[in-house]
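Below are the chains, spelled out letter by letter.
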2 protein chains.
Amino acid sequence: MRISEQAKQENRSRILDKAAEIFNSKGFEDSTTRDIALAAGLAAGTLFNYFPSKETLAMTMVSEALVQGREDYLRRCTGREELAEELFLFVASGLRRLRPLRPFLGPVLERSLSPFPRKNVCQEGETARQEHLAAVQSILARHGFTEAPDYVAMTMYWSLYLGILAFWSNDTSPNQEASQALIDYSIRMFVQLISGSGADKGEADAS
Amino acid sequence: MRISEQAKQENRSRILDKAAEIFNSKGFEDSTTRDIALAAGLAAGTLFNYFPSKETLAMTMVSEALVQGREDYLRRCTGREELAEELFLFVASGLRRLRPLRPFLGPVLERSLSPFPRKNVCQEGETARQEHLAAVQSILARHGFTEAPDYVAMTMYWSLYLGILAFWSNDTSPNQEASQALIDYSIRMFVQLISGSGADKGEADAS
DNA sequence: ATACAAAAGTGAGCGCGCTCACAAAATACA
DNA sequence: TGTATTTTGTGAGCGCGCTCACTTTTGTAT
């Protein structure tokens, strides 16, 4: 069992390695699970003993990248940042870790993170979303927003975040400055939203 | 040629009718193009003489609904509305027409309207997005925003709009009040964004 | 009518993600 | 060691969206 356990881990990481390679060279949709399995030295069906779907396989990499991004953020965060500043740091840390996966991220994030209701949800995606939102909530809490923001605010946050991911994932501007501007505006907007409705929720009355 | 032309149109609309029926009863993903073609009295392959893909078939219905929604909006619009009010009317008019398609909208909108880069883009989806955004721009223009808002603003608008669609498409609250609140906040946020464009951090408040 | 070209319909078949009945190997127990 | 049990690997095969070589129908010109 020990030896087998180790062999399993090796198989798993060999699948992940080869998958990353193939996804990066041909994109997500043009890569086949058969190719990946064979490249990892396994039969076609065996891949699904390790990952229940092609989507989950890809999202596993995304998930790990986002976890590392979160760790980076915690390491880099001094605790003296403004709210917007800290949110920016958090988002940017995630993107930095996603960078190597960029060539094949589009279809994966679209399927796994989008809030549209679907038949077969990918658990990795759900988890990634929840953990991201939980992190945001904890940042808010540390900045004095003790009551959890309502569903409207968090729904809007997620929409904006997905928009950032989508834009960033094919941003060809030199240093992704275009994305930086988008992140900047999105976060500022979000901060403004929760600042304005935090006390008296719902009655903002603009007209 | 006359008769055949008419037959073609009949086939086309029979496909659309049966597709709507089947999509509504089994959802988009569980419906097969074979079933739809047979239900329309055609061979499996013939369907693709009329629509290049299953996605396009579904998006054709969405597209038509959105066009009708736009007409409704033009009809109902008095021209004396506030900007936010008019945007709300515009968005709500679209949703009203999409209502009958709601049971199968999720996967369709996710694939066709999402801004994530993809291999095979569905032309119907691209067009729908462009027309929607053009309508928004013209509303803005009529309210004094003569210079076209920059890509950041429009990107954020589209993110928020997609979020609204996603939330609304499985909003089970009695009269979709939950969605109404989301639309309200999203639009107000967007108006604030373009009003204060170039404005500095947060505090500005509404004037 | 007849011949012919263009348009429309057909269904076998492809490659995909994924399943599943079974085979092989690893482990547990005697 | 030998046997039973569980775990892991295998690849034929399914159903899907979609293609394409072919047949049938339609329209035109003689």
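A. Summary view of the packing of helix 5 (residues 83-98) of chain B against helix 8 (residues 151-169) of chain B. Residues and elements named next belong to chain B. Between helix 5 and helix 8, the shortest axis-to-axis distance is 12 Å and the interhelical angle comes to 35 degrees. Like other packed secondary-structure pairs, helix 5 and helix 8 cross with a definite hand, here right-handed. Within the contact between the two elements, helix 5 uses V91, L95 and L98 and helix 8 uses Y157, Y161, I164, L165 and W168. Partitioned by chemical class, the residues of the contact of helix 5 with helix 8 number eight nonpolar, no polar and no charged.

B. Main features of the relation of the copies chain A and chain B. Rotating chain A by 180 degrees about the axis while translating it 0.0 Å along that axis superimposes it on chain B, leaving an RMSD of 0.1 Å. Within this description, the copies of the chain are treated as partners about a two-fold rotation axis. The position closest to the rotation axis in chain A is occupied by the C-alpha of S159 of chain A, lying 2.7 Å away. Interface residue correspondence from chain A to chain B reaches 88%, placing this contact among same-surface, isologous pairings.

C. Up close: the packing of helix 8 of chain B against helix 9 (residues 177-195) of chain B. Residues and elements named next belong to chain B. The interhelical angle for the contact between helix 8 and helix 9, taken along N-to-C directions, is 175 degrees, at an axis separation of 10 Å. Classified by the angle their axes make, helix 8 and helix 9 are roughly antiparallel. Here A153, M154, M156, Y157, L160, G163, I164, F167 and W168 of helix 8 lie close against helix 9, whose contacting residues are A178, S179, L182, I183, S186, F190, L193 and I194. Of the residues in the contact of helix 8 with helix 9, the class split is 14 nonpolar, three polar and no charged.

About the cut-offs
- What you see as residue numbers is a count from 1 along each chain, following the sequence as written.
- Chains carry letters and ligands carry numbers; both start at the beginning, A for chains and 1 for ligands, and go up in the order they are written.
- Local features are withheld for residues below a pLDDT of 70 in this predicted model, meaning they are given only at 70 or higher, and side-chain atom pairs are given and counted only at 80 or more; totals for whole chains, interfaces and linings count all residues.
- Excluded from the side-chain calculation are hydrogens and water; included are all heavy atoms of the structure.
- In this description, a line fitted to the C-alpha atoms serves as the axis of each element, helices being fitted only across the stretch in contact, and the angle between N-to-C directions of two axes falls anywhere from 0 to 180 degrees.
- Think of it this way: any DSSP run of H or I at least four residues long counts as a helix, any run of E at least two long counts as a strand, and we number them from the N terminus.
- In this scheme, a crossing is called left-handed if the near helix is turned counterclockwise away from the far one by less than a right angle; it is called right-handed if the turn is clockwise.
- When checking whether two residues touch, look at their non-hydrogen atoms; a contact exists if any pair is within 4.5 Å.
- Residues are grouped as follows: Ala, Val, Leu, Ile, Met, Phe, Trp, Tyr, Cys and Pro are nonpolar; Asp, Glu, Lys and Arg are charged; every other residue, Gly included, is polar.
- A least-squares fit on C-alpha atoms brings the copies together, and the residues used are those whose pLDDT is at least 70 in both copies.
- Should an angle lie under 35 degrees it is considered roughly parallel, over 145 roughly antiparallel, and from 65 to 115 roughly perpendicular; all remaining angles are considered oblique.

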